[in-house]
Amino acid sequence: MGSVRLRGAGGADLTPRSQKARGALALLGTAPDLRLSRARLQDLLWSERGRQRGSDSLRQMLRELRAALGAEKDILLAGVGWVGLDPERLRIDLTPVYDAGGVPIEFAADIDIPDPEFETWLRDMRLRLTPESDGPSALQRPLAPVAAAWHDASPAPGDYVVALRPVESNDSRAHVIGEIIVNEAAARACEMIPAVLADRPDAQAPPTGTQVSAICYSAGIDCSLMVVMRDIATGARGWTRRFTIRAADETATMRHAVAQIAVALLDRARRTAPPAQGLTFPVWDVFSYSRDRLESADRILASLPQERQSGVALALRSYLRNTLISERLTEDPARCSDEAEAFAQLARDLAPANPAVLAVASLSASWRRDAVGALELAQAACRNDPDNELACHALSQALTDVGRDLEALEATERGARGALAELGPASWLMRRAVVQLRLGRLGDAENSAAAAFAFAPDNRPSLRFLAALRYHRGDVTAAADALRHLRRIEPDFSLELMADPDYPVAPLRMARLMGITRSGL
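On a predicted model such as this, the values are computed, not experimentally measured, just so you know.

Trainee: Hey, could you go over the nonpolar core for me, with residue numbers and the actual values?
Mentor: With 129 residues, the main nonpolar core has L45, M61, F107, W121, V162, I181 and I261 as its most contacted residues. With sequence-adjacent residues up to four places away left out, I261 is seen in contact with I181, A185, L225, V227, M229, W239 and F243.

Quick look at the structure:
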């Protein structure tokens, strides 16, 4: 943001002088996978020249760029028909920059290339990247409004139902707080079960489901919320919990209550919904790192009746495929990647504004190293639902991709308070570990990775982090222990494999923490 600059690891300014070379850096640095075809690069910078003259100009510009890079010239990659930057050695920083008056400075503000194709591209990028408002925070927003229910129609035979009784209270403020919490928690759970959100069950033919009752009353300046869940058919009590909504920290305590109630509803559905009807999403397994659990979750999602297929279900199928790819759990990553993209697109076709669907699309873009596209999708997801934990997770990843690490940590902490983070804490803890690593907080990153492993013993990324970080601080015994666990759950693991550029340890590689690969442990 602001002026385009390229700096070496030691801080040396490697920025080329010419406008075209800096324009090429802007093009490559914001391209998916940090690479463009030579034809596309030539068209954007020399669209009004003939093919041969444009090709000659491109070669001359690349020579200038290599000369400016000096000892770092290997960061510029080239292959048959394409040019790119090494994503393992380069860090893109798209942190917003503000002038003395607090007004955002636009992207590539120092570049003025009089080519119509480049001008069109630059105008579009500035619209996508310039902050909509002044100020540095990406997530300074109030509690989200009540989300939409899974179905607006009346329950059909065989539907799982979440029925809400009116909240009882002793004053209007307590009543509003209680209604917001209970309705939002129920709506979030219904989306993931899936279930019909209803005001009252059918007394003549009680459906399968859970009835939620709540009492919210003022206790001084604070509020106490009591929530009771009962089985609709039998009336048996299944879950009871009291929450204190503190006036001094109202937003955070409300979010905590929403997450806990949503998790309880998901757990009730898992225990009470007839499995033969395929009523419940296997959300516990979707956010695991076990091949068996991921494939089991995919089979369940694939077997959902046609009327229960949804954008969220398809997005989850895309998400778990990307986990299979990144964790080397599939024999055919190319096919798996194609399927992940197809499911993500179908999900967006069905639910273009759903925050979970947009979040998965953002994560897919991030996995393809389309940093700008990932950021745009994640911001859209958070605009639609600032408290959606998957949207916050995707925003944290996208902000990390563009070097905005403090904002990424803020998004991570916000998402970690949600229901999905309660169900699959290892994924959110490892996201936190990556951000802490980027911020140089190695001790905190090690603690987060250790917590992730404690929650999920099949979590491979946490063991890779633990081995590398423990070895880096000199605890060889603990590093060897992490490697022992890793070899048990990843049979083909070796230190030579870990050193391979394609092995999934990019955060460790970028932080120069690969000494473990030369340890001989």
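Trainee: Any chance you could break down the packing of helix α4 (residues 116-129) against helix α12 (residues 371-384) for me, citing the residues and the numbers?
Mentor: Relative to each other, α4 and α12 sit at 40 degrees, their axes nearing to 10 Å. Taken together, the axes of α4 and α12 lie oblique to each other. As α4 runs across α12, the sense of the crossing is left-handed. Along the contact surface, α4 presents M125, R128 and L129, while α12 presents V372, G373, L375 and E376. For the contact of α4 with α12, a count of residues per class yields four nonpolar, one polar and two charged.

Trainee: Before we move on, can you summarise the packing of aromatic side chains with the specific residues and values?
Mentor: Considering all chains together, one arrives at seven aromatic pairs under this definition. Judged by centre distance (5.4 Å) and plane angle (40 degrees), the rings of F118 and W121 are tilted. Pair noted here: F118 and W121 are both in helix α4, with a separation of three residues, about one helical turn. For F118, a relative accessible area of 1% corresponds to the buried category. A residue is classified by how much of its surface remains accessible, and W121, at 14% relative accessible area, is buried. Feature note: the residues F287, Y319, W367 and W428 constitute an aromatic cluster, connected by ring pairs. The ring of W82 has R35 sitting right over it, with the charged end atom 3.7 Å from the ring centre.

Trainee: I'd like a description of helix α14 (residues 405-415), backed by residues and values.
Mentor: Counting buried positions along α14 yields eight of 11 residues, so the element is predominantly enclosed. D405, E407, A408, L409, A411, T412, R414 and G415 are the residues of α14 that are buried. Where the residues of α14 are buried, they touch α6 (250-272), α13 (389-401), α15 (419-423) and α16 (425-438).

Cut-offs and rules
Residue positions are given per chain, counted from 1 along the sequence in the order it is written. Two thresholds apply to this predicted model, a pLDDT of at least 70 for residue-level local features and 80 or more for giving and counting side-chain atom pairs, whereas whole-chain, interface and lining totals are computed over all residues. Calculated side-chain values reflect all of the structure's heavy atoms, with hydrogen atoms and water omitted. Nonpolar cores are built from buried Ala, Val, Leu, Ile, Met, Phe, Trp, Tyr and Cys residues. Side-chain atoms within 4.5 Å join them into one set. For each residue, the accessible area found with a 1.4 Å probe, counting protein chains only, is set against the maximum for its type, and the residue is called buried under 20%, exposed over 50%, and partly exposed in between. Throughout, a residue-residue contact means that at least one pair of heavy atoms, one from each residue, lies within 4.5 Å. Note on geometry: axes are C-alpha line fits, over the in-contact stretch for helices, and angles between N-to-C directions span 0 to 180 degrees. Only DSSP runs of H or I reaching four residues or more are called helices, and only runs of E reaching two or more are called strands; each is numbered from the N terminus. Roughly parallel means an angle under 35 degrees; roughly antiparallel means over 145; roughly perpendicular covers 65 to 115; every other angle is labelled oblique. A crossing counts as left-handed when the near helix is turned anticlockwise from the far one by less than a right angle, and as right-handed when that turn is clockwise. Gly falls in the polar group here, along with every residue not listed as nonpolar (Ala, Val, Leu, Ile, Met, Phe, Trp, Tyr, Cys, Pro) or charged (Asp, Glu, Lys, Arg). Pairing of aromatic side chains requires ring centres within 6.5 Å, counting the rings of Phe and Tyr and the six-membered ring of Trp. Pairs whose planes differ by under 30 degrees are stacked, by over 60 edge-to-face, and all others tilted. Placement of a charge over a ring requires the Lys NZ or Arg CZ to be within 6 Å of the ring centre, with the centre-to-atom vector within 35 degrees of the ring normal.

Fair warning: the whole summary comes from geometry, so function is off the table for now.
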